[in-house]
Amino acid sequence: MSESNNNNSGGFSKTTDFKWLGVGLTVFILLALMPTPESMVIKAGEHFGDLGADVLAQKAYNMKIIVALLAMCTVFFATEAIPMPAVALIIGLVQLFFGITEPSKIVATYAHDAVWFIAGSLAIGATLVKHGLDKRIGMAVINICGTKTRNIVLGMILGTAIPSAFINEASIAPMYVPIALALFSLTNKNTPAPQLGKLLMISIAVGCMVGAPMSPTGGARNAIMIGFLEDYLDPNVTFFEWMRMGIFYTVVMSALMAFLLPMLFKPEVKDLSNAVNTLKADLEKYGKMTKTQWLVGGIMLLMIFMWITDKSVTASILGFPLGLGGVAIFGAVLYMLLGLTSWADYEENVSWGVIILYAGAISLGAVFKSSGAAKWIADSLINLTSLIGIESGLGLIIIVILIGALLTNLMSAGATVAVIGPVVLEMAVSSQTNPILIGVGLAISTSLAYWLVIGTPASSIVYAAGMLDAKDFIRMATFAWPAAIVVMIAMVILWWVGVLPYDYTLDATRVVTGG
């Protein structure tokens, strides 16, 4: 396909851009052919034990290949050199062809609980859309915000941010995409408005990203960190304790992004009265909520309750938790059992490319950790902090936030927490720094995956709608990413320690149990 045609196709419909494909492959080959650093051999010995010089050399070589794979994938994700799901599949193929991971274990990483979580959440979101609840929820938000474009952007951000704290963003984003598409399409009939379309779509992704850190159920990264903290603290951080810590970031970033996004993507029209009125008239045709809609909504609320109480109520009844993915899939299956949807609906309305994309990111994070490459990079970054005298307290917390905000743009948020979470928690304990501030700080910082389409499920979902390009995310991130880091630092200094009863040192009310 010609380059022009390639650039005109949107979302997952894009085909190969051979120029950037060549760049990505060149980066991979150069890194793979360079001599293996001695530090990798040493790290392989620490990670795998004394296996003999030849075996450790092979393990170190595998680390190098995984680092090369990460670099190549970063090029592909940033430039859309090949279809995004193809990148996700290449991650598994590289592991297979280089003998880094056994085939059965590669498949296991693509079926991670977080992948189930995304798949089930997308299915739940598709069912809500099928029964028109997306329009009712979206119009309820718009009714509150009015018809001004800036106000609607704020409504989109808050309307996605608040539920994203309790429901995975993979369920929330699909509910708002049809509303954004309708507002754009109705406006575009009279006034060409490509920037409006970009603005509305990216507002959905941003809202999900700034809302998810507010509670433990806001994403797999939060759940993973809760599990890690369980091994370091007694009692662990509670659900509402996390909410008190995360609400500052969600509120401030929502207001900031509602101001920033219309400046970056200047809409062609300032008032969407005609489009809003058309949508309202369309919704009025449906009348009041039906019994079926109440049932669909009720099951959604049940899923929220089960996510919140999985480790308490569910675990006490069954003797074990279902996990975020288990609850999500249960909800998707329950909708089918009650005749509220069909598998054909899921086949047609669930973005399977998003699931593959996220599965690939999870697989990359898994092999990054299992190969020792993650610890090699994390330790290298942490060693740099000691050179500038930052080893504990506020300085260490800020460094962890910066590392999390950086790495989450190279692999998935959940993978970032899984990879460096145990390392930074060990650092917290050994340096007498509060593990809660380190752990929750890392988890929230991994929501700053602004730069790439792969960053979050919500980003992938709005990208799949075909109105955004990869460069639009980079444009937004150029301003939003540093601003979010400043907000996080202010949160630690002014909110966590200034208002909430925390200190940079160990919490006297909790027992530090170690790793």
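Quick caveat: nothing in here was measured; it's all calculated off a predicted structure.

Caption draft 1: Geometry of empty space enclosed by the protein. All chains considered together, the criterion is met by four cavities of 30 Å³ or more. There is about 80 Å³ of room inside the largest cavity. Here the element with the most residues in the lining of the largest cavity is helix α7 (residues 113–130); it accounts for three residues. Classifying every residue of the lining of the largest cavity gives seven nonpolar, five polar and two charged.

Caption draft 2: The arrangement of the environment of Leu154 in detail. The topology assignment puts Leu154 in helix α9 (residues 149–164). Sequence spacing of Leu154 and Pro482 is 328 residues, and the spatial spacing of their C-alpha atoms is 20 Å. Setting aside residues up to four positions removed in sequence, Leu154 forms contacts with Ser254 and Ala258.

Caption draft 3: Looking closely at the environment of Asn277. Relative to the helices and strands, Asn277 is located in helix α14 (residues 273–284). The spacing of Asn277 and Thr147 is 130 residues in sequence and 8.9 Å in space, taken between C-alpha atoms.

Caption draft 4: Representation of the state of the cysteines. Scanning all chains against the criterion turns up zero disulfides. Its sulfur unpaired, Cys145 is 15 Å from the next cysteine sulfur, which belongs to Cys208. Taking the relative accessible area as the measure of exposure, Cys208 reaches 0% and is therefore buried.

Caption draft 5: Molecular detail of the packing of aromatic side chains. For the coordinates displayed, the defined rule picks out six aromatic pairs. For the pair Phe28 and Phe98, a centre-to-centre distance of 5.9 Å together with 65 degrees between the ring planes defines the contact as edge-to-face. With a gap of 70 residues between them, Phe28 in helix α2 (residues 18–33) and Phe98 in the loop between α5 (84–97) and α6 (103–110) connect regions that are remote in the sequence. Taking relative accessible area as the criterion, Phe28 reaches 10% and is therefore assigned buried. On the accessibility criterion, Phe98 (31% relative accessible area) is partly exposed.

Caption draft 6: Here's a closer look at the nonpolar core. Residues Leu183, Tyr249, Trp307, Tyr450 and Met476 are the most contacted members of the largest nonpolar core, which totals 173 residues. Ignoring anything within four residues of it in the chain, the contact list for Tyr249 reads Val210, Pro213, Ile444, Ser447, Leu448, Tyr450, Ala484, Val487, Met488 and Met491.

Caption draft 7: Summary view of the packing of helix α19 (residues 352–370) against helix α24 (residues 457–464). The N-to-C vectors of α19 and α24 enclose an angle of 145 degrees; their axes lie 10 Å apart at closest approach. Considering the relative orientation of α19 and α24, their crossing is right-handed. Counted together, Val354, Leu357 and Tyr358 of α19 and Pro457, Ser460 and Ile461 of α24 form the full contact between these two elements. Split into classes, the residues belonging to the contact of α19 with α24 amount to five nonpolar, one polar and no charged.

Caption draft 8: Quick look at the confidence of the model for the protein chain. Mean pLDDT over the protein chain stands at 85; residues scoring 70 or higher make up 95%. Confidence over residues 1–10 falls short of pLDDT 50; this stretch has nine contacts with residues more than four positions distant or in other chains.

Caption draft 9: Fine view of the pattern of salt bridges. The final tally for this structure, using the stated rule, is five salt bridges. The salt bridge involving Lys43 is made with Glu46; its shortest N-O contact spans 2.9 Å. Separated by three residues within a single helix, Lys43 and Glu46 lie in helix α3 (residues 38–48), roughly one turn from each other. Across the salt bridge formed by Asp469 and Lys198, the nearest N and O atoms sit 3.8 Å from each other. One end of the pair, Asp469, is in the loop between α24 and α25 (470–496); the other, Lys198, is in helix α11 (residues 194–211), and 271 residues separate them in sequence. The same class applies to Asp469 as to Lys198, namely buried. Each of Lys198, Asp469 and Asp472 takes part in salt bridges that share partners, so that together they form one network.

Caption draft 10: Structural context of the layout of surface pockets. In this structure, the largest pocket spans a volume of roughly 740 Å³. Lining of the largest pocket is provided by 32 residues; of these, Ala223, Ile224, Ile226, Lys311 and Leu324 occupy positions nearest its centre. Every element with two or more residues in the lining of the largest pocket is listed here: α7, α12 (220–230), α15 (291–308), α16 (310–318), α17 (323–337), α19 and α22 (413–430). Of the residues forming the lining of the largest pocket, the biggest block, six residues, is contributed by α12. Partitioning the lining of the largest pocket into residue classes produces 18 nonpolar, nine polar and five charged. Here the second largest pocket defines a volume of roughly 350 Å³. In this structure, the second largest pocket is lined by 17 residues; those nearest its centre are Ile137, Ile167, Met175, Met300 and Leu301. Elements supplying a minimum of two residues to the lining of the second largest pocket: α8 (133–145), α9, α10 (169–188) and α15. Sort the elements by how many residues they give to the lining of the second largest pocket and α15 lands first, with seven residues. When the residues that make up the lining of the second largest pocket are grouped by side-chain class, the tally is 13 nonpolar, four polar and no charged.

Here is what the cut-offs are and how they apply
- Residues numbered from 1 in each chain as written.
- Predicted model: local features only at pLDDT ≥ 70, side-chain atom pairs only at ≥ 80, totals over all residues.
- Heavy atoms only, no water.
- 1 Å grid on protein atoms, 1.4 Å probe; cavity = no way out; pocket = protein on both sides within 12 Å on 5 of 7 lines; lining within 4 Å.
- Points joined across faces, edges and corners; volume = space filled by probe spheres on them.
- Helix = DSSP H or I, 4+ residues; strand = E, 2+ residues; numbered from the N terminus.
- Nonpolar A, V, L, I, M, F, W, Y, C, P; charged D, E, K, R; others polar.
- Contact = heavy atoms within 4.5 Å.
- Disulfide = S-S within 2.5 Å.
- Buried < 20%, exposed > 50% of the residue type's maximum accessible area, 1.4 Å probe, protein only.
- Phe/Tyr/Trp six-rings, centres within 6.5 Å; stacked < 30°, edge-to-face > 60°.
- Core = buried A, V, L, I, M, F, W, Y, C linked by side-chain atoms within 4.5 Å.
- Axes fitted to C-alpha atoms, helices over the stretch in contact; angles between N-to-C directions.
- Left-handed = near helix turned anticlockwise from the far one by under 90°.
- pLDDT = per-residue confidence, 0-100.
- Salt bridge = Lys/Arg side-chain N within 4 Å of Asp/Glu carboxyl O.

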